[in-house]
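Listed here are the chains, written in short residue letters.
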Amino acid sequence: MTAKRIDGKAAGLALREQVAVAAAEFQARTGRAPGLATVLVGEDPASSVYVRSKGKATAEAGMESFAHHLPADTSEEALLDLVVLLNNDDRVDGILVQLPLPPHMDSSRVIAAIDPAKDVDGFHPVNAGRLATGLDALVPCTPLGCLHLLKNELGSLSGKDAVVIGRSNIVGKPMAMLLIGESATVTVAHSRTRDLPDVVRRADIVVAAVGRPEMIRGDWIKPGAVVIDVGINRVAAADEGKTRLVGDVAFGEAAEVASAITPVPGGVGPMTIAMLLRNTLVAAHRRAGLADPEGL
Ligand SMILES: Nc1nc(=O)c2c([nH]1)NC[C@@H]1CN(c3ccc(C(=O)N[C@@H](CCC(=O)O)C(=O)O)cc3)C=[N+]21
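Computed from a predicted model, the values in this text were never measured in an experiment.

Student: Tell me what's going on with the overall build of the chain, and back it up with residues and numbers.
Tutor: In terms of helices and strands, the chain carries 10 helices and 11 strands. What you see for the chain is a C-alpha radius of gyration of 19 Å, in line with the 19 Å of a compact globule of 296 residues. On the principal axes, the C-alpha backbone points of the chain span a range of 50 × 45 × 35 Å. Residue burial in the chain is summarised as follows: out of 296 residues, 48% are buried. Averaging the positions of the 30 positive and the 35 negative side-chain charges in the chain gives two centres separated by 3 Å.

As structure tokens, this is what we get:
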């Protein structure tokens, strides 16, 4: 069997079009567009690329983009001052501080300084707690994108066996919370899990977020499972000196067994950006005292 390739690029574009329609409605009602502020500290080339593509997507969705770029040697105090400024700026509905921060900064402290109502990454402990307790939260973009793809594929997730590989605050833990919320039976596996291949073999749904290139092999996958690959790993290509992106799943092998699988690139990554815009739109509505936009 050859799995269906889940097209995250197309799903992300469709979502971004819906967000653009709702953003225009928001502007008509309130007299201003939703606004997203991004903060990049330092010169990491990959981070610069992501921040630039976020700025472009924001403009395309009819939202205002406020891009802040600080030098790598900025003090933590100066970054915290900027966060406070953005917290108090009414044009700003969403604040994204690009991670990782330089090593002299304490990212937990920076995240905790962001107004939870503007925390479109969903990384603030208040949002993590709200998600865990089933309250309205801003939910991390990558797991939200994974859930969107899973529901597109399967409809209801109720009673499905889901295995999340990875326990980070950014992906694994919030992914588990979302799956529990959909009434899946959820196992969170990680580097200390015993017999990981056997654990994964039980899963109707596999979400791989370990950050190890092609670690999850085809013979770990239950026939017919849906595989969501969150990994974005840059590895050496066959061509001397070139690189290519691979996921955490050995795609070719897994595609022989799964019913559907996300590719890398073109899977989860584009959904993450679409969900960032979605979260900015939602934050704008909540801050303006409006009901959440429908169907997003
Ligand atoms: N505060 C914060 N929030 C983030 O959401 C955040 C962050 N920091 N730091 C870095 C990571 C990484 N990230 C990606 C988003 C989209 C793609 C994406 O669209 N990737 C394309 C391909 C990209 C390429 O070709 O290099 C794809 O998978 O198809 C990738 C990576 C968000 N991050």
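Student: Go over the domain arrangement of the chain with me, naming the residues and quoting the values.
Tutor: Each assigned domain of the chain is listed with its residue range as follows: domain 1 (29-115) and domain 2 (141-269). Its C-alpha centre places domain 1 at a distance of 28 Å from the equivalent point of domain 2.

Student: Would you mind going over the nonpolar core in detail, with residue names and values included?
Tutor: Counting 38 residues, the largest nonpolar core has Leu-149, Leu-150, Met-175, Leu-179, Val-207, Ile-228 and Val-230 as its most contacted members. Sorting the residues of this core by element identifies helix 1 (8-30), helix 6 (141-154), strand 5 (161-165), helix 7 (172-181), strand 7 (205-208), strand 8 (226-229) and helix 10 (268-287) as the ones contributing at least two each. Of all hydrophobic cores here, the second largest spans 21 residues; its members include Val-163, Ala-189, Val-227 and Val-249.

Student: Pulling in residues and values, what's your account of the site of the ligand?
Tutor: Taken together, 16 residues lie around the ligand, and Val-97, Gln-98, Leu-99, Asp-121 and Gly-266 are the ones closest in. The side chain of Gln-98 places a nitrogen or oxygen atom 3.0 Å from a nitrogen atom of the ligand. One of the side-chain N or O atoms of Asp-121 is found 2.6 Å from a nitrogen atom in the ligand. For the shell around the ligand, the secondary structure elements donating two or more residues are helix 2 (45-60), strand 4 (94-97) and helix 10. Sort the elements by how many residues they give to the shell around the ligand and helix 10 lands first, with 3 residues. Of the residues contributing to the shell around the ligand, the split by class is 10 nonpolar, 3 polar and 3 charged. Composition of the shell around the ligand by domain shows at least three residues from each of domain 1 (29-115) and domain 2 (141-269).

Student: Explain the UniProt feature "binding site: NADP(+)" (unreviewed entry) in the chain to me, using residue names and the numbers behind them.
Tutor: In the UniProt entry, the feature "binding site: NADP(+)" (unreviewed entry) is given for Gly-166, Arg-167, Ser-168 and Ile-232. Residue position: Gly-166 is located in the loop between strand 5 and helix 7. With residues near it in sequence (within four places) discarded, Gly-166 still touches Gly-172, Val-188, Ala-189, Ala-209 and Val-210. Not counting residues within four places of it along the chain, the set of residues in contact with Arg-167 comprises Gly-172, Lys-173, Val-188, His-190, Ser-191 and Arg-192. In terms of polar contacts, Arg-167 uses its side chain to reach the side chain of His-190, at 3.5 Å.

Student: Tell me about the sheet that holds strand 8, and name the residues and values.
Tutor: What links the strands of a sheet is backbone hydrogen bonding, and the strands pair in either a parallel or an antiparallel sense. As summarised here, the arrangement of the 6 strands in space is 1-11-8-7-5-6, forming an open sheet in which the pairing is parallel. Of all strands in the sheet, those bounded by a partner on one side alone are strand 1 (4-5) and strand 6 (185-189). Note: strand 1 against strand 11 (residues 260-261), 2 bridges, orientation parallel. The partner of Arg-5 across the bridge, within strand 11, is Ile-261. Most of the contacts of helix 6 go to strand 8, to which it runs at about 160°, and overall it touches strand 1, strand 7, strand 8 and strand 11.

Student: Which residues make up the sheet that holds strand 2 (residues 35-41), and what values do they have?
Tutor: With parallel pairing, the 3 strands of this open sheet are ordered in space as 3-2-4. Two strands bound the open sheet, and with one partner strand each, they are strand 3 (64-70) and strand 4. The average angle at which neighbouring strand axes cross in this sheet is 15°, direction not considered. Examined bridge by bridge, strand 2 and strand 3 share 7 bridges and lie parallel to one another. For Leu-36, the partnering residue across the bridge sits in strand 3 and is Ser-65.

Student: Give me the pattern of salt bridges: which residues, what numbers.
Tutor: Under the definition given, this model contains 15 salt bridges. One salt bridge connects Lys-56 with Glu-60, and the closest N-O pair in it is separated by 3.4 Å. One end of the pair, Lys-56, and the other, Glu-60, are both in helix 2, 4 residues apart, so they sit about a helical turn from each other.

Student: How would you explain the side chain of Glu-76 if you had to name every residue and give the values?
Tutor: Mapped onto the fold, Glu-76 is located in helix 3 (residues 76-87). Overall, the relative accessible area of 13% leaves Glu-76 in the buried class. Within the structure, the side chain of Glu-76 is placed 2.5 Å from the side chain of Arg-109, a separation counted as a polar contact. Residues within four places of Glu-76 in sequence aside, it is in contact with His-104, Met-105, Asp-106, Arg-109 and Val-110.

The rules we used
- Residues numbered from 1 in each chain as written.
- Predicted model: local features only at pLDDT ≥ 70, side-chain atom pairs only at ≥ 80, totals over all residues.
- Heavy atoms only, no water.
- Helix = DSSP H or I, 4+ residues; strand = E, 2+ residues; numbered from the N terminus.
- Rg over C-alpha atoms; globule rule 2.2 N^0.38 Å.
- Buried < 20%, exposed > 50% of the residue type's maximum accessible area, 1.4 Å probe, protein only.
- Lys, Arg positive; Asp, Glu negative; His and termini not counted.
- Charge placed at Lys NZ, Arg CZ, Asp CG, Glu CD.
- Domains from an automatic or database assignment.
- Core = buried A, V, L, I, M, F, W, Y, C linked by side-chain atoms within 4.5 Å.
- Near = heavy atom within 4 Å.
- Polar contact = N/O pair within 3.5 Å; in protein donor to acceptor, adjacent residues only side chain to side chain.
- Nonpolar A, V, L, I, M, F, W, Y, C, P; charged D, E, K, R; others polar.
- UniProt positions renumbered as here; feature names shortened; annotations may be inferred.
- Contact = heavy atoms within 4.5 Å.
- Pairing = 2+ DSSP bridges.
- Axes fitted to C-alpha atoms, helices over the stretch in contact; angles between N-to-C directions.
- Salt bridge = Lys/Arg side-chain N within 4 Å of Asp/Glu carboxyl O.

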